[in-house]
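# Coordinates in review
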Amino acid sequence: MLNQPKMLKNIPVFMVSLATGLTLSGLSEVAKAYTVAGPNPNDPLYLGTPGKVVNGVDLDGVGDLILNGNSRCTASRISATHALTAGHCVTDNFGNINVNSATLAWNTDDGLSVGNVVNITTHPLWNGDILLGVDLAIVELDQIADFVPTYEIYTGSGEIGAISDAKVGFGLSGTGTTGYTINSGTKRHGQNVYDGVGSDFFSDVSANVMIYDFDSGLQANNTLDLIAPGSSDLGLGLNEVMTGPGDSGGSTFIDGKIAGVTSFSATLGVGDSLSGLNGSFGELGGDVRVSLFNDFIQDTIGTVPEPLTILGSGAAIGFGTLFKRKLAKKSRKNSNRLS
Ligand SMILES: [Ca+2]
Ligand SMILES: [Ca+2]
Ligand SMILES: [Ca+2]
């Protein structure tokens, strides 16, 4: 059942965007996985085996998110009970939460941790439009084992041009030559470089999105450089990866922290080594720039003060806190508790 994950229940038909207008409108929200630059996706170089640490990042905190028993995304632990993923993993094309049940599993060198999702919160501005760069959701679990690593959110501003520590996900895999040909469900990782933000390249993509290309090492597939000369390098050799269906929601780490959440991939009319959207060399990827949304994330995972702690603090403070809690509740209308 999980061998052919339908990443998004309603994957729109991908529309090739014309290089002339340089827009990405109509592009499908694609899912993600890792297609790798090297000849063998099962090379240990790419496998996120339990206990693996890459460039200082313990990959064990990146988990396998199964939705409604029939689709897959990736999510990373960010608190005692929360994990960060992509909004489109848990909603329809209009941003409405459509998950009835979900589990999140971490297979670590200390053991297996599996929890049930009990609450889902999407970013208040998430409406299904991936080009806005607010494709974020936080899932709350009934339990997460203590041994699962918890990641911090990157809050710097040095993402563009930085070589990621790792991009991680459980999606379809393959090579840059073949595109994705291998089932999802295996954790893989690799690297890429954010060449710019969406608005640097496309008139209809937000600066909240960070864009990168899947380099083969040949200028012919250096897509971002082809459409914006001087903007992009020839890649990282065997370490270069692109996402595929199932990688959505996965993390890209910079300075050991979560800097990007996998949101979509795209193919233009230029640079793509294998026609169509299939994870081949020359395709583009878009990640949510997480540093811009730290307030939303901290608000969502933060603990609400218990009534007992305000009892002795005086009526005025108690009243103010109550008011704040009401506001907080109101602003979380995109939050769904699963039964
Ligand atoms: Ca690249
Ligand atoms: Ca490039
Ligand atoms: Ca392609």
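The structure presented is a predicted model; accordingly, all values stated were derived computationally and were not measured.

### Comments concerning the overall build of the protein
Each helix and strand in the protein was counted, giving five helices and 20 strands. Scored against the burial criterion, the 339 residues of the protein give a buried share of 49%. For the protein, restricting intrachain contacts to residue pairs at least 6 apart in sequence, the fraction spanning at least 24 positions comes to 72%.

### Some thoughts on the sheet that holds strand E18 (residues 257–266)
Spatial strand order, E13-E10-E17-E18-E19-E15-E14: seven strands in an open sheet with antiparallel pairing. Because the sheet does not close on itself, it has two edges, and the strands there are strand E13 (188–190) and strand E14 (196–197).

### Topic: the environment of Tyr212
For Tyr212, the location among the structural elements is in strand E15 (residues 209–213). Note: C-alpha distance between Tyr212 and Gly198 (14 residues apart in sequence) is 9.5 Å. In contact with Tyr212, other than residues within four places in its own chain, are Asn192, Val193, Tyr194, Asp195 and Gly285.

### Considering unusual backbone geometry
Even without being a glycine, Asn68 presents a positive backbone phi close to 50°. Residue Asn68 is classed as partly exposed on the basis of its C-beta count, with 13 C-beta atoms lying within 10 Å. Located in the positive-phi region is Asp255, a residue other than glycine, with phi close to 55°. Looking at the element boundaries, Asp255 is found in the loop between strand E17 (251–254) and E18. Owing to 17 C-beta atoms within 10 Å, Asp255 belongs among the partly exposed residues under this scheme.

### A few points about the pairing of E15
With five of five residues buried, E15 is to be regarded as a mostly interior element. Sheet analysis places E14 next to E15, joined by two bridges and oriented antiparallel. Across the sheet, Gly196 pairs through a bridge with Ile211, a residue of E15. As paired elements, E15 and strand E19 (residues 284–289) share five bridges and run antiparallel to each other. If you follow Asp213 over to E19, its bridge partner there is Leu284.

### Thoughts on the nonpolar core
Among the nonpolar cores identified, the biggest contains 58 residues, and Leu65, Leu84, Leu104, Leu136, Ala137, Val139 and Ile211 are the most heavily contacted of them. In terms of residue count, E18 provides more of this core than any other element does, five residues in total. Sequence-distant contacts of Leu136, that is, excluding residues within four places in its chain, are made with Ala86, Gly87, Thr122, His123, Trp126, Val261, Val288 and Phe293.

### Side note on the pairing of E19
The buried fraction of E19 is high, at six of six residues. Pairing between E18 and E19: six bridges, direction antiparallel. By the bridge assignment for E19, Gly260 is matched with Arg289.

### Examining the environment of Leu112
Relative to the elements of secondary structure, Leu112 occurs in strand E8 (residues 111–122). Expressed as a C-alpha distance, the spacing of Leu112 and Phe147, which sit 35 residues apart in the sequence, is 9.3 Å. Leave out the neighbours within four places in its chain, and Leu112 touches Ala105 and Asn107.

### Comments concerning the confidence of the model for the protein
Counting all residues, the mean pLDDT for the protein is 84, and 79% of those residues have values of 70 or more. Here residues 26–33 is modelled with pLDDT under 50, and outside its nearest four sequence neighbours on either side it reaches 49 contacts, counting other chains as well. A low-confidence stretch, residues 305–333 (pLDDT under 50), is modelled with nine contacts involving residues beyond four sequence positions or located in other chains.

### Side note on the environment of Pro124
Along the chain, the position of Pro124 falls in the loop between E8 and strand E9 (137–141). According to the C-beta neighbour criterion, Pro124 is partly exposed, with 15 such atoms within 10 Å. Spatially, the C-alpha atom of Pro124 lies 9.1 Å from that of Ser335, the residues being 211 residues apart in sequence.

What counts and what doesn't
- Residues numbered from 1 in each chain as written.
- Chains lettered and ligands numbered in written order.
- Predicted model: local features only at pLDDT ≥ 70, side-chain atom pairs only at ≥ 80, totals over all residues.
- Helix = DSSP H or I, 4+ residues; strand = E, 2+ residues; numbered from the N terminus.
- Buried ≥ 20, exposed ≤ 12 C-beta atoms within 10 Å, placed from the backbone.
- Contact = placed C-beta atoms within 7 Å.
- Pairing = 2+ DSSP bridges.
- Core = buried A, V, L, I, M, F, W, Y, C linked by C-beta atoms within 7 Å.
- pLDDT = per-residue confidence, 0-100.

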